[in-house]
Structures are given as C-alpha cells and as structure tokens.
Amino acid sequence: MTQSDEMQGLLDRAVSTLNEALDSPELSLRDRTLVALRVLELAHGTDPIEGLNTNGWELPQLTQRLTNPGPESRSASPLDARLRSASKGQPATGPDRPHSDSTATTQHQSLAYPVATAPSAARNDQILEPTVLEIDNFLSHEEHQFALSTALNKADQFVGSKTTTNASDYRRSSILYATLYPDLYELLRQRLIGLLPTVVQQLGMPSFEPGQVEMQLTAHNDGCFYKIHNDSGSPETATRALTYVYYFYQEPKRFSGGELRMYETDISGPMVTASDRFETIEPLNNRIVFFDSRCKHEVLPVVCPSRQFDHGRFTLNGWIRRS
Ligand SMILES: O=C(O)CCC(=O)C(=O)O
Ligand SMILES: [Fe+2]
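Residues numbered from 1 in each chain as written. Chains lettered and ligands numbered in written order. Predicted model: local features only at pLDDT ≥ 70, side-chain atom pairs only at ≥ 80, totals over all residues. Heavy atoms only, no water.

Visitor: Could you clarify how one ought to interpret the layout of surface pockets in this entry?
Guide: Over the atoms rolls a probe the size of a water molecule, and its path tells where empty space is left. Its boundaries defined by the atoms lining it, the largest pocket holds a volume of some 990 Å³. Forming the walls of the largest pocket are 45 residues, and the residues nearest its centre are Y226, H229, N230, D231 and R240. Those elements that provide at least two residues to the lining of the largest pocket are β9 (174-177), β10 (210-220), β11 (225-229), β12 (240-248), β17 (297-299) and β19 (313-322). For the lining of the largest pocket, the residue count by class is 19 nonpolar, 18 polar and eight charged. (1 Å grid on protein atoms, 1.4 Å probe; cavity = no way out; pocket = protein on both sides within 12 Å on 5 of 7 lines; lining within 4 Å. Points joined across faces, edges and corners; volume = space filled by probe spheres on them. Helix = DSSP H or I, 4+ residues; strand = E, 2+ residues; numbered from the N terminus. Nonpolar A, V, L, I, M, F, W, Y, C, P; charged D, E, K, R; others polar.)

Okay, here's the thing in structure tokens:
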C-alpha cells in the first residue's frame, strides 16, 4: 500500500465517521451542528478534501459569487451554494405583471463558515426579504436519476394538487405522496436534516428544533402554475418553518417557464401580504432552494409543448416543521 493509498483510506474512514456523527441520534443538535461547521470549515480551507465524494455526497464547496467578485472569489464548484435576495431599493416589477422579468439585481453572498453575522432574511421583524438559499448540483448523478425514475415510473399514481383553502384555479400541478417512495424520502430527509443548521443560519432565521419533514413529488406540465401564496398560513400548516424545493427534469429540457418567484413579505398584520419587490429563481436541474415558509411566493406558468408527462418540471418539495 502506498502512502497516498493509506492517506486516502484514512480520509475515507474519517469521512464516514463524520457522516455517522452528522446522522447520530446520540449527539445533540448542537454537537451535530459543531461537527457540520467544522466539516464546512475544512472544505472551505483545505485542498485535499476538495471534490472528495463521500458516499455520493460531495462536501459543499463554498463559492463566493458577488456581483463584483472580490479577491477571495473562488471558481465554480460541484456543490455551489449561494444566498439570493433582491437588492434593497430596487425598482420593482409587481405581481400585477407576474410574467415579466425582474429588474431587481441580485446580491450573491458568500457562504463563509463559521458565519459570525449571518445575513438576515428579515429586514426587520415584520418584513421578510425575498431571500432563498440556493444550492446547485445538490444530488449525485445516481441520486438524481433515482428521483427521475421514481417520478417517471409512478406517473399513473400522481393525483391533482389542492390548496389548504381548496381555492379553485389557484394551483395546477399533480402530486405523488411520499409514502409511495420511502427510500427516496429517507435519503432526502437525512440530507435536509444534516444541512438544516447551516441553512437556517445562512437565511438568518432563528434556529428551531426540527419536527416532521413533509415531502411531495410534484409534476408541473403544460399550463401548470401556483399563484402567490405562503406555505404556513393556515392552522394546519402554521408549524412549517422552512420550505425546500429540489428541481429535476429530463435533459434535454423540454419545458420553459415555471420560475419560482419570491416576494418581499409583510407579516405585521393579521393578513400576510406580498409587496411588489421580488426575486425570480430559475428551476434549474439538480438545484435545491430553501426559504422561510412564511415568505410569499408563486410558480409562474409552465409551457411544455409536447404535454408529455416525462417532459415536465419535477420537484421534490416540502416543509420542515418545528417540533
Ligand atoms: O415548485 C416550486 O417552485 C414551488 C412549489 C410551492 O410553492 C409549493 O408547493 O408550495
Ligand atoms: Fe409554496
């Protein structure tokens, strides 16, 4: 065995120990967070770990993508995470023109760990910024294919989506419930719980003890949409804290539209309202986004000329509830 094989062996064992620690129910959330932060610190600062694939899960490569990149900016990486938020004081194109492009410039912020002053998603206690944490290349190729084959093989088990208020013509899509794909559910659930402390910190949200992880596999095909709503506005959904949406589809892409639009949200009154400042997020293949479930958002209409199910826009999306 050469010295470099030995080193690789040690690194592999170290990584699997860290993986176990991150999932271990015996460690407190605080201890798991400390392990996660240390891993992220290492991934940020040392080359030997760069690109290391641990059980199909690439360690986050922390990319600085500022509009005007500074001297510390790094090249694009396999797992590319960034915080996206409409810049303050931008002229807004409003919800009354939902299909126009946002003129708001985006502000990309680095994910440097540990973060002493997390950027806050809330401008004050009452106004939520339209902020998402976006991570590209989220799943490995095999896992992405697993998600895709699950969706395509179970096409006949999807059912029409509803809203909690059953409002008509507010939402058009179809859904596959998570009980029909327990392995995929568990894979994603563990990833989400592992990333939770970092995500919450980056979004500037108060930390919370996670409870149930709700998940659905959603298909949007030609003419599908979801008008402006938030995800925690009813008594049954009030404990949803964090929304995640993982986008995937078959290449070459055969639909257009379906962007996620996030609105600045006023939570001061009894009615949560969207303002006319927004940020538009491309539903890129293998991208996941996270945001505060109280924040108003919509899915712009999808155009899929073939109307074939397997040419659609798919998501594994849901909510992490506070316990
Ligand atoms: O598909 C998306 O981009 C978002 C879906 C969504 O808002 C929801 O299901 O509540
Ligand atoms: Fe939603």
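Visitor: Looking at this model, I keep getting lost on the coordination of the iron ion (ligand 2). Mind explaining?
Guide: Working reference: metal with six octahedral donors, ideal angles 90 or 180 degrees; metal with four tetrahedral donors, ideal angle 109.5 degrees. Listed as protein donors to the iron ion (ligand 2) are H229 (NE2), D231 (OD) and H297 (NE2); their distances from the metal cover 2.0 to 2.2 Å. Expressed as a motif, the donor residue spacing for the iron ion (ligand 2) is H-x1-D-x65-H. (Donors = N, O, S within 2.8 Å, 3.2 Å for Na, K, Ca; no water.)

Visitor: I tried to follow the confidence of the model for the protein chain on my own but got confused; where do I start?
Guide: In regions of low pLDDT, the predicted coordinates are not meant to be interpreted in detail. Summary statistics for the protein chain give a mean pLDDT of 77 and a share of 66% for residues scoring 70 or more. With pLDDT under 50 throughout, residues 44-78 is counted as low confidence; its partners more than four residues away or in other chains account for 67 contacts. Predicted confidence for residues 87-119 stays below pLDDT 50, and this span has 90 contacts to residues more than four positions away or in other chains. Reported for the predicted complex are a pTM of 0.70 and an ipTM of 0.99. (pLDDT = per-residue confidence, 0-100. Contact = heavy atoms within 4.5 Å.)

Visitor: Got a minute to help me understand the pattern of salt bridges in this structure?
Guide: Considering all chains together, one arrives at 13 salt bridges under this definition. One salt bridge connects R82 with D136, and the closest N-O pair in it is separated by 3.0 Å. Remark: D136 occurs in strand β6 (residues 132-136) and R82 occurs in strand β3 (residues 80-86); sequence separation between them is 54 residues. Exposure class is identical for R82 and D136. Each is buried. Ionic pairing is found between R277 and E129, a salt bridge with its closest N-O pair at 3.8 Å. (Salt bridge = Lys/Arg side-chain N within 4 Å of Asp/Glu carboxyl O. Buried < 20%, exposed > 50% of the residue type's maximum accessible area, 1.4 Å probe, protein only.)

Visitor: Would you mind going over the site of ligand 1 with me for this structure?
Guide: Near ligand 1 you find 14 residues, and of these H229, Y247, H297, R313 and N317 are the closest. D231 places a polar side-chain atom, nitrogen or oxygen, 3.2 Å from an oxygen atom of ligand 1. Measuring from an oxygen atom of ligand 1, one finds a side-chain N or O atom of Y247 at 2.8 Å. Out of a free accessible area of 290 Å², ligand 1 has 98% covered by protein chains. Elements supplying a minimum of two residues to the shell around ligand 1: β11, β12, β17 and β19. Broken down by element, the shell around ligand 1 gets its largest block of residues, four residues, from β19. Residue composition of the shell around ligand 1, by class: six nonpolar, five polar and three charged. (Near = heavy atom within 4 Å. Polar contact = N/O pair within 3.5 Å; in protein donor to acceptor, adjacent residues only side chain to side chain. Areas by Shrake-Rupley, 256 points an atom, 1.4 Å probe, with all protein chains shown as cover.)

Visitor: Hey, could you run me through the packing of helix α3 (residues 141-153) against helix α4 (residues 182-203) in this one?
Guide: If you want to describe how two helices pack, look at the angle between their axes and the distance between the axes. Interhelical geometry of α3 versus α4 gives an angle of 135° and a closest axis separation of 11 Å. Here α3 lies oblique to α4, going by the angle between them. Seen from above, α3 lies across α4 with left-handed handedness. Of α4, the residues touching α3 (which contributes E143, F146, A147 and T150) are D183, L184, L187 and R191. For the contact of α3 with α4, the per-class residue count stands at four nonpolar, one polar and three charged. (Axes fitted to C-alpha atoms, helices over the stretch in contact; angles between N-to-C directions. Parallel < 35°, antiparallel > 145°, perpendicular 65-115°, else oblique. Left-handed = near helix turned anticlockwise from the far one by under 90°.)

Visitor: Please clarify how the packing of aromatic side chains should be interpreted in this entry.
Guide: Two numbers describe a pair of aromatic rings. These are the distance of the centres and the angle of the planes. Under the criterion given, the structure shown has seven aromatic pairs. Between F158 and F309, the ring centres sit 5.1 Å apart and the planes meet at 70°, which makes this aromatic pair edge-to-face. Here the residue F158 occupies a position in the loop between α3 and β7 (159-160), and F309 occupies one in the loop between β18 (302-303) and β19, the gap between them amounting to 151 residues. You can call F158 buried: its relative accessible area is 12%. Seen from their ring centres, Y263 and F278 are 5.7 Å apart, and the 65° between their planes marks the pair as edge-to-face. Of the two residues, Y263 is situated in strand β14 (residues 260-266) and F278 in strand β15 (residues 273-281); the sequence distance between them amounts to 15 residues. Given the relative accessible area of 2%, F278 is considered buried. Chaining the aromatic ring pairs together yields one cluster made of F138, F158, Y246, F248, F309 and F314. In this structure, K253 is placed above the aromatic ring of F255, and the distance from its NZ or CZ to the ring centre is 4.8 Å. Over the face of the ring belonging to F208 we find R322, whose NZ or CZ atom lies 5.5 Å from the ring centre. (Phe/Tyr/Trp six-rings, centres within 6.5 Å; stacked < 30°, edge-to-face > 60°. Lys NZ or Arg CZ within 6 Å of the ring centre and 35° of its normal.)

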